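Chain by chain, the residues:
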Amino acid sequence: MDSHLAALLLQYRWEILVPLSFIESPIVAFISGTLASLGYFNLFALAGYFFVKDIVFDAGFYYLGHRGVRTKFVHRMLAKFSITEEHFDDIRREWEQRPMRTMLLGKVSYGVAMGFIVAAGAVGMSLKKFFAYGAAAAVLQYWTLLLLGYFFGAAFGSLTGIVTNLEYVVAFGGLFLSAYYILAWYLRRRAVDKHELS
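Quick notes on the rules
Residues numbered from 1 in each chain as written. Predicted model: local features only at pLDDT ≥ 70, side-chain atom pairs only at ≥ 80, totals over all residues. Heavy atoms only, no water. Helix = DSSP H or I, 4+ residues; strand = E, 2+ residues; numbered from the N terminus. Buried < 20%, exposed > 50% of the residue type's maximum accessible area, 1.4 Å probe, protein only. Contact = heavy atoms within 4.5 Å. Areas by Shrake-Rupley, 256 points an atom, 1.4 Å probe, with all protein chains shown as cover. Arc of directions from axis to C-beta. Salt bridge = Lys/Arg side-chain N within 4 Å of Asp/Glu carboxyl O. Axes fitted to C-alpha atoms, helices over the stretch in contact; angles between N-to-C directions. Nonpolar A, V, L, I, M, F, W, Y, C, P; charged D, E, K, R; others polar. Polar contact = N/O pair within 3.5 Å; in protein donor to acceptor, adjacent residues only side chain to side chain. Phe/Tyr/Trp six-rings, centres within 6.5 Å; stacked < 30°, edge-to-face > 60°. Lys NZ or Arg CZ within 6 Å of the ring centre and 35° of its normal. Core = buried A, V, L, I, M, F, W, Y, C linked by side-chain atoms within 4.5 Å.

Undergrad: Sorry, what's going on with the overall build of the protein chain here?
TA: If you tally the helices and strands in the protein chain, you get 11 helices and zero strands. Reading the helices (α) and strands (β) of the protein chain from amino to carboxyl end gives α-α-α-α-α-α-α-α-α-α-α. Counting all 198 residues of the protein chain, 35% fall into the buried class. Put simply, of all contacts in the protein chain between residues at least 6 apart along the chain, 78% involve residues at least 24 apart. Carbon and sulfur atoms make up 68% of the accessible area of the protein chain, which amounts to about 11700 Å² in all.

Following this line, the structure appears as structure tokens:
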């Protein structure tokens, strides 16, 4: 069974990686970095893929916010993140005064990245500045995850060892995701509370 699963992963590695990266990029980046350390992926190809994917997604959401700022669809999308037109001046000021901090906060806060990017487009952030900070954030986020997976993910052993110890990997992943969700919720709540006070 293990050799069959290993053969499937080896045969369909990019075909599995690409769709999964659209669902949960940070976790997939770490796992693919681990697989790169075992020789199943080229680390530089992974870094290039995650960088390009992130920039393309950011461009799409920025465009949606910029061109669709007056549509009901974008207003509903922003409302999910408690953002209304009354907040646009504050958001514009944040993007102008602290673009790197705002971009990084938006990228690492689970579940709100899309809202941050759409809001950047909606308030008309400079496209040149947006892509410069977006590229820096993508490199920092994904390349860090790939390198962590590459250097520390190998502690799980070979692919067969990973499959054999799947319970431990799932338990660790569950703990990691729980901590990540709690931290993201806390940061989001804190940002909303801070905004409501001002």
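Undergrad: It is not clear to me how helix 5 (residues 72–79) should be interpreted in this structure. Could you clarify?
TA: The periodicity of an α-helix, 3.6 residues per turn, causes residues three or four positions apart to be oriented the same way. Buried residues of helix 5: Val-74, Met-77 and Leu-78, and no others. Along the long axis of helix 5, the arc covered by the buried residues comes to 95°, so they all point the same way. Turned more than 90 degrees away from the buried face of helix 5 sit Lys-72 and Arg-76, all of them exposed. Tucked inside the fold, the buried residues of helix 5 contact helix 4 (43–67), helix 6 (88–97) and helix 8 (113–122).

Undergrad: I'm lost on the pattern of salt bridges in this one. Help?
TA: Pairing between side chains becomes possible if they bear opposite charge and their charged atoms approach one another. Going through the model one piece at a time under the given rule, you end up with four salt bridges. One salt bridge in this structure joins Glu-85 and Arg-70, with 3.0 Å as the shortest N-O distance. Of the two residues, Glu-85 is situated in the loop between helix 5 and helix 6 and Arg-70 in the loop between helix 4 and helix 5; the sequence distance between them amounts to 15 residues. The exposure class of Glu-85 is partly exposed, given its relative accessible area of 38%. Across the pair Glu-94 and Arg-98 runs a salt bridge, and its minimum N-O distance is 3.3 Å. Note on Glu-94: relative accessible area 28%, which makes it partly exposed. Classification of Arg-98 by relative accessible area gives partly exposed; the value is 32%.

Undergrad: Which parts of the structure should I look at to understand the packing of helix 2 (residues 13–23) against helix 3 (residues 25–37)?
TA: Packed helix pairs are specified by the crossing angle of their axes together with the interaxial distance, meaning the distance between the axes. Interaxial distance between helix 2 and helix 3 falls to 6 Å at its minimum, and their mutual angle equals 145°. Contacts between helix 2 and helix 3 involve Leu-17, Leu-20, Ser-21 and Ile-23 from the first element and Ser-25, Val-28 and Ser-32 from the second. Its residues assigned to classes, the contact of helix 2 with helix 3 comprises four nonpolar, three polar and no charged.

Undergrad: Please clarify how the environment of Gln-97 should be interpreted in this entry.
TA: Checked against the element boundaries, Gln-97 lands in helix 6. In this structure the side chain of Gln-97 is engaged in a polar contact, spanning 3.3 Å, whose partner is the side chain of Arg-98.

Undergrad: Just to check I follow, could you spell out the packing of aromatic side chains for this structure?
TA: Aromatic rings considered in pairs are described by the distance between their centres and by the relative angle of their planes. Taken as a whole and judged by the stated rule, the model has 11 aromatic pairs. Both rings, one in Phe-130 and one in Phe-131, keep their centres 5.4 Å apart while their planes meet at 75°; by these two values the pair is edge-to-face. Through pairs of rings, three or more aromatic residues link up here, namely Trp-14, Phe-41, Tyr-49, Phe-50 and Tyr-142. Across the ring face of Phe-57, the terminal group of Lys-53 is positioned such that the distance to the ring centre comes to 4.7 Å.

Undergrad: I keep staring at the nonpolar core and nothing clicks. Help me out?
TA: One recurring pattern in soluble globular proteins is that nonpolar side chains are buried together. Counting residues in each nonpolar core, the largest one holds 21 residues, and the members touching the most others are Leu-78, Ile-83, Phe-88, Ile-91, Trp-95 and Phe-130. Counting residues per element, the ones that place at least two in this core are helix 5, helix 6, helix 8 and helix 9 (127–152). Not counting the four nearest positions on each side in its chain, Trp-95 is found in contact with Thr-102, Met-103, Phe-116, Ala-119, Ala-120, Val-123, Met-125 and Lys-129. Formed by 14 residues, the second largest nonpolar core is a distinct cluster that contains Val-28, Phe-50, Tyr-142 and Leu-146.

Undergrad: Help me understand the environment of Leu-187 in this model?
TA: If you trace the backbone, Leu-187 turns up in helix 11 (residues 166–197). Linking Leu-187 and Ser-109, residues 78 residues apart in sequence, is a C-alpha distance of 7.2 Å. If sequence neighbours within four positions are ignored, Leu-187 has contacts with Leu-105 and Ser-109.

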